[in-house]
Each structure stands twice: as C-alpha cells, then as structure tokens.
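One-letter residues, chain by chain:
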Amino acid sequence: MQPTEETSLESGPAQQTPCCSSARWWWAVVLVSIAVGYFGYRYVANLGSTSKATSHPGVGSPVPAMRFAPLVGADKEVSTSSLRGNVAVINFWGTWCPPCRREFPHLVALGKKLASEPRFRLVAVSCGSNVESELRQETADFLQSQQAELPVYWDPDNQARAEVDRTIGFDGYPTTLVVDAKGVIRGVIVGYTPGDETVLEHLVRTLLDEAAG
C-alpha cells in the first residue's frame, strides 16, 4: 500500500526535524484555540441574547385575531384565541423558500424538545399555493423528504398574513411570531440566520418560566 502524504511526513526522519514538528503542533494548537473560542463566543452570545427577536417594533403588540386551517397532520382549526394561556410560536414558511427549508429542521427539533411542555404550542403555517389540494401535496412531500412529523396548518386567502401585515408588518419568509400566555407578541424573527434557533428557544423557555410563575 502506498503511504499517504500525511503518513510520509510523519514517518520520514530525514524530512522532519523536531523543530519543524514542534512549530507545526504549536500552530495547530493556536488555530484550534481560535476556532473553539470563536464558536464558543457565538454560542454563548446567542444563548443569552434574545435581542434579535425582541427588537422588532411589533413586540409588545397584542397578537392579531387569526385562524389557521388544518393542512397535514392536524385535525382541527387553531385560532389565536384558542392559544391563550399558552406560549405559542407561529411560523409562516414555505417549501419553496430556501431559508425556510434551512430553518425547518430546527423548528421540528424545538417541537420535540418541548413536547412535554403542556403550555407550549408550535403552529407551523405552510404558505404557497392558494389551492388547498396543491399546498397539501407540496407540504406532505416536503415533510416526507425531511422524515418529519409535525402538524402543519395553512392560511386560506392569506387572511392571517394580511392581519400580521396590518398590525406589525409582514416583511418576508420565514416570519416567526412568539406569543406569550396573555396573547402579547414578545418576539418576531424575520428570515433565518444560523443561531436564530438558539435565540428562539431561549425566548420560549423564558416565557414558559414566566407563565409558570
């Protein structure tokens, strides 16, 4: 078997002096330390901060009256009035939307993490075709491709999105509203950036603690 380049560099005494070996290891330690420090800082910063979600001008407004019809894996309508008393995450997304697709696995993971929380509700609202049968098929195919089991709703005639736009503005997909047990919007995230899922979970857990207290 022919030695790899890595093997020949490590095993050839004529090609590598102790000095060179020490210098290489020193630089490796420096680079690893920088990487660990950077990603550790990002993780801690995201974990302890909800500013991206709470700085939206719509935060503090009552959630508008909305109704969501069952689409896939759901059997009855959900309304914002029926969510009172719960901490709710209402996520408007679409299978056609690249950032939505990147965010989706994190939403599924959040739902699983908080499945035992009786006061938590995740309302995933699939947005796309206004033809119910087409939207149902597109959504079901996407869920199957993700091997995800999640109740999904839809917004007939865009009525819910129109209400969001009228009250706090609807600026694109995905849009996530975090609503407290009193029906007040406590967080809004527009778009998706890696780390948003940590911010979202931190805010939801804070509101659950608040509701329990």
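Notes on the structure in this doc start here. This is a predicted model, so every value here is computed, not measured.

**Digging into helix α6 (residues 159-167)**
(1) Moving on: When we look at burial in α6, the residues that qualify are Ala 160, Arg 161 and Val 164. Within α6, the buried residues cover an arc of 100° as seen down the axis, which keeps them to one side. Pointing more than 90 degrees away from the buried face of α6 are the exposed residues Gln 159 and Arg 166.
(2) Moving on: Buried residues along α6 sit against β1 (67-72), β3 (87-93) and β6 (175-179).

**Quick look at helix α4 (residues 98-113)**
(1) Moving on: The terminal C-alpha atoms of α4, which comprises 16 residues, lie 24 Å apart, in line with the 22 Å expected from a rise of 1.5 Å per residue.
(2) Moving on: At Phe 104, α4 shows its maximal bend, which comes to roughly 30°, and the proline Pro 105 appears one to four places after that position.
(3) Moving on: Next to the buried residues of α4 lie β3, β4 (120-126), α5 (132-146), β6 and α7 (196-212).

**Description of the pairing of strand β7 (residues 185-190)**
(1) Moving on: With 5 bridges joining them, β6 and β7 adopt antiparallel strand pairing. Counterpart to Thr 175 in the pairing with β7 is Val 190.
(2) Moving on: Where β6 hands over to β7, the hairpin turn is made up of 5 residues, of which Gly 183 adopts a positive phi near 85°.

**Regarding unusual backbone geometry**
(1) Moving on: Between Tyr 173 and Pro 174 the backbone carries a cis peptide bond, its omega angle lying at -10°.
(2) Moving on: The residue Pro 174 is located in the loop between α6 and β6 in this model.
(3) Moving on: The backbone phi angle of Gln 147 is positive, close to 50°, even though this residue is not glycine.
(4) Moving on: Turning to its location among the elements, Gln 147 is positioned in the loop between α5 and β5 (152-154).
(5) Moving on: Assessed through its relative accessible area of 74%, Gln 147 is described here as exposed.
(6) Moving on: A positive phi is found at Asp 157, a non-glycine position, where the angle reads about 60°.
(7) Moving on: Mapped onto the secondary structure, Asp 157 falls in the loop between β5 and α6.
(8) Moving on: Given a relative accessible area of 62%, Asp 157 falls into the exposed group.

Basis of the calculations
For every chain, the first residue of the written sequence is number 1, and numbering continues from 1 along that sequence. Two thresholds apply to this predicted model, a pLDDT of at least 70 for residue-level local features and 80 or more for giving and counting side-chain atom pairs, whereas whole-chain, interface and lining totals are computed over all residues. The basis for every side-chain value is the complete set of non-hydrogen atoms in the structure, without hydrogens or water. The buried label goes to any residue with under 20% of its type's maximum accessible area, the exposed label to any with over 50%, and the partly exposed label to all in between, with areas taken from a 1.4 Å probe on protein chains only. Segments assigned H or I by DSSP are reported as helices when at least four residues long, segments assigned E as strands when at least two residues long, and all are numbered from the N terminus. Think of the arc as the fan of directions from the helix axis to the C-beta atoms. Contact between two residues is taken to exist if any of their heavy atoms lie within 4.5 Å; hydrogens are not considered. By this rule, a helix spans an expected 1.5 Å times one less than how many residues it contains. At any given residue, the bend is defined as the angle formed between two axes, one fitted to the seven residues that end at that position and one fitted to the seven that begin there. Each pair of strands is called paired provided DSSP finds at least two bridges between the two strands.

Fair warning: the whole summary comes from geometry, so function is off the table for now.
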